[in-house]
Amino acid sequence: MKLCELPSLLGCDPSRALPATEIAVVTEDSRRVVPGSVFVAARGIHADGHDYAAAAARAGAVAVIGERPGIASLDGLPYLCVPHARKALGTLAHALAGNPTERMTVIGVTGTNGKSSTVILVHHILNACGHSTACLGTLGYRIGSELLAAPHTTPFGEDLATLFRRAADARHSHAVMEVSSHALDQERVAGIVFKVGAFTNLTQDHLDYHQNMDAYRRAKLRLFEEIVGPERFTVVNRDDASADAFISASQVPCVTFGAKGDCRATQVRTSTRGAEFRAATPWGAAEIALPLLGRHNVSNALCAIATCGGLRVSLDGIAESLRCAPPAPGRFEHVDTGQPFQVVVDYAHTEDGLRNVLQAAREICKGRIICVFGCGGDRDRSKRPKMAAVAAALADLSILTSDNPRTEDPERILLDIETGMQRVGKKKNIDYLVFVNRAEAIRRAIDTAQAGDFVMIAGKGHEDYQILGTQRIHFDDREVARDVLEGR
């Protein structure tokens, strides 16, 4: 692609004629600029890309894209003004990659809880039923035989274009990905042609970024608003309070799931082995044996069934593949060294997520539930007492501890959680314990457990690190729990 073709691609009007210079890459990171690059001067939370245009010019950039009107050039480079710089970045990045998603069936899954599990289920079903599928989300980016580490739930625009180019080169016909509210708000998914959008649920999270639930919901709705055209559809959790908003936002046919949905689970039976239910769908009925624990995973499975059914995967094939559905790492993951009680690690870090896993634990626990959890620092403080209230209601003993304190005082975070405990009449050192050190908290929980009890270690799941101040240290709840159990 040539520089002179950008105005037509991006729908902007340059103040001067552009040369026919070949574009090598597009990037918003001045450190990635190579000769022939187009530099996107995007505005972030802490920095403005315009401040790095000079560095980009020195590195060989041939043009700058930004949002400032009335500028013909910046640091000697042609300047193209667009309404949204990151949207232009995605559009150009995917064009340079050959627009790979135009030839793929891309499924985007958004929501607060259940995105990772649903993406893994859809990926598993499609592959099992003969569709070569890439998978992108919190747990990693799986393309071909490779599993790449995921620094973000949804990568940034230029990285997504590269990943989809690799997926196309690996001859994937389908791709399923988590789509976060941050990514939608920041236009990271611009340039991707989604054929399917799925919504799992909406509960309080990320209000440190979105400020309120309406803004959070609006960000999620953007996925649905931008899916248009034939052979497209959306999937919505009909049981969620925000269902009507997502159904109304859908420009294409919508398949719903849940107790009131098009895809429903009846005769649900849960056990320590998983869940069994009868799935009633627009494509018929099937008996489902799901080797995943908890009713929340029944909901995730229904979302996957609705998605794959809408893609015309046979219901028999879906049911057969779900019999051997893989668990998502760090999602209700058991740590078992032969102890007479259960130890489970889960990523639950929201009020609703914690409620789901503790309710699932209660269904299969014969003894006490001991819950270890904390809340992240430099994040929404209002959810801390709410999570405490859930633990107080559903656990017999809560052990409050650090999650990722970041630059916030860990003891201040714990005081916010304690407030929620005390509001519902819980007493320190009787109903709950407090340990700033997470390893100590896990040790106390396991040392306290007796035969038949259930230890739930919530909040970090698959994460193998802890952020203390500005440092990231190695810390894995599963490793710590296993070490404690083996030392008993």
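Structural data are supplied above this passage.
I will try to describe carefully the structure that is included in this document. In this text the structure is predicted, and so the values were computed from the model without any measurement. The residue count restarts for each chain, going from 1 along the sequence in the order it is written. The predicted nature of this model means local features are confined to residues of pLDDT at least 70 and side-chain atom pairs, given and counted, to a pLDDT of 80 or more, with totals for whole chains, interfaces and linings taken over all residues. Water and hydrogen atoms were dropped before computing side-chain values, which therefore reflect all heavy atoms in the structure.

**Points about a negative patch on the surface**
And step 1. Like charges are joined within 9 Å and nonpolar side chains (Val, Leu, Ile, Met, Phe, Trp, Tyr) within 5 Å, but only among residues with over 30% relative accessible area and no salt bridge; these make up the patches. Areas reported here follow the Shrake-Rupley algorithm with a probe of radius 1.4 Å; residue values treat only the protein chains shown as occluding. Salt bridges are defined by distance alone: a side-chain nitrogen of Lys or Arg within 4 Å of a carboxyl oxygen of Asp or Glu. For this count, His and the chain ends are skipped, Lys and Arg are scored as positive, and Asp and Glu as negative. Where a charge lies is defined by one atom per residue type, namely NZ (Lys), CZ (Arg), CG (Asp) and CD (Glu). Taken together, Asp464, Glu479, Asp483 and Glu486 make up a surface patch of like negative charges.
And step 2. Mapping Asp464 onto the fold places it in the loop between β22 (454–458) and β23 (465–468).
And step 3. When a residue's accessible area, from a 1.4 Å probe over protein chains only, is under 20% of the maximum for its type it is buried; when over 50% it is exposed; and in between it is partly exposed. According to the relative accessible area criterion, Asp464 is partly exposed, its value standing at 38%. Strands are runs of DSSP state E lasting at least 2 residues, helices are runs of H or I lasting at least 4, and numbering of each runs from the N terminus.

**Regarding the packing of aromatic side chains**
And step 1. Only centres within 6.5 Å qualify two rings of Phe, Tyr or Trp (six-membered ring in Trp) as a pair; their planes then separate them into stacked at under 30 degrees, edge-to-face at over 60, and tilted for everything else. Across all of its chains, the model carries three aromatic pairs by this definition.
And step 2. Note on Phe199 and Phe246: the rings are 3.8 Å apart at their centroids and 10 degrees apart in plane angle, and the pair reads as stacked. Of this pair, Phe199 sits in strand β11 (residues 194–199) while Phe246 is found in helix α9 (residues 243–249), placing the two residues 47 residues apart along the sequence.
And step 3. Under the relative-accessibility criterion, Phe199 is labelled buried at 0%.
And step 4. Look at Phe246 and you get buried, because its relative accessible area is 0%.
And step 5. Relative to Phe246, the ring of Phe224 lies with its centre 5.3 Å away and its plane at 80 degrees, an arrangement referred to as edge-to-face. Residue Phe224 is located in helix α8 (residues 213–225), and its partner Phe246 is located in helix α9; the two are separated by 22 residues in the primary sequence. Here Phe224 and Phe246 have matching classes, each one buried.
And step 6. Of the aromatic side chains, those joined through ring pairs into one cluster are Phe199, Phe224 and Phe246.
And step 7. In this structure, Arg188 packs its charged tip against the face of Phe156, placed 4.1 Å from the ring centre. A positively charged side chain is recorded as over a ring if its NZ (Lys) or CZ (Arg) lies within 6 Å of the ring centre. The angle to the ring normal must also be within 35 degrees.

**Overview of the nonpolar core**
And step 1. Val235, Phe277, Ile288, Ile305 and Leu322 are the most contacted members of the largest nonpolar core, which has 37 residues in total.
And step 2. Once residues within four sequence positions are removed from consideration, Ile305 is found in contact with Phe277, Ala279, Thr281, Trp283, Ile288, Leu315, Ile318 and Leu322.
And step 3. Joining through side-chain atoms within 4.5 Å is the link that ties buried Ala, Val, Leu, Ile, Met, Phe, Trp, Tyr and Cys residues into a set, and such a set is a nonpolar core. Core analysis: the second largest hydrophobic core is formed by 30 residues, Ala348, Cys375, Leu414 and Ile417 among them. A contact between two residues is defined here by any heavy atoms of the two lying within 4.5 Å.

**A look at the sheet that holds strand β2 (residues 38–40)**
And step 1. Judged by pairing direction, the sheet is mixed, and its five strands sit side by side in the order β1-β2-β3-β5-β4 without closing on themselves. Strand pairing shows two members of the sheet lacking a second neighbour, β1 (26–27) and β4 (73–74), which therefore form its edges.
And step 2. Whether two strands pair depends on DSSP finding at least two bridges between them. Where strand β3 (residues 63–66) meets strand β5 (residues 77–81), three bridges bridge the pair, whose relative direction is parallel. Among the inter-strand pairings, Gly66 is bridged to a residue of β5, identified as Cys81.

**A word on unusual backbone geometry**
And step 1. A positive phi angle, close to 55 degrees, is found at Asp75, a residue other than glycine.
And step 2. By the element assignment, Asp75 lies in the loop between β4 and β5.
And step 3. Classification of Asp75 by relative accessible area gives partly exposed; the value is 43%.
And step 4. Non-glycine residue Arg171 carries a positive phi angle of around 65 degrees.

**Quick notes on the pattern of salt bridges**
Pairing between side chains becomes possible if they bear opposite charge and their charged atoms approach one another.
And step 1. Counting across every chain of the model gives 30 salt bridges.
And step 2. A salt bridge links Arg222 to Glu187, with the nearest nitrogen and oxygen atoms 2.4 Å apart. Here Arg222, found in helix α8, pairs with Glu187, found in the loop between α6 (181–185) and β11; they are 35 residues apart in sequence, far enough to count as distant.
And step 3. For Arg222, a relative accessible area of 21% gives the class partly exposed.

**Focus: the layout of surface pockets**
And step 1. As a volume, the second largest pocket reaches approximately 330 Å³.
And step 2. A 1.4 Å probe that fits but cannot get out identifies a cavity on a 1 Å grid over protein atoms alone, an open set with protein on both sides within 12 Å along at least five of seven lines counts as a pocket, and a residue lines either if it has an atom within 4 Å of a point. Along its surface, the second largest pocket is lined by 20 residues, and Ala190, Gly191, Ile192, Val193 and Glu226 are the ones closest to its centre.
And step 3. If one sorts the elements of the lining of the second largest pocket by residue count, helix α3 (residues 85–96) sits on top with four residues. Grid points are joined across faces, edges and corners, and a volume is the space filled by probe spheres set on the points.

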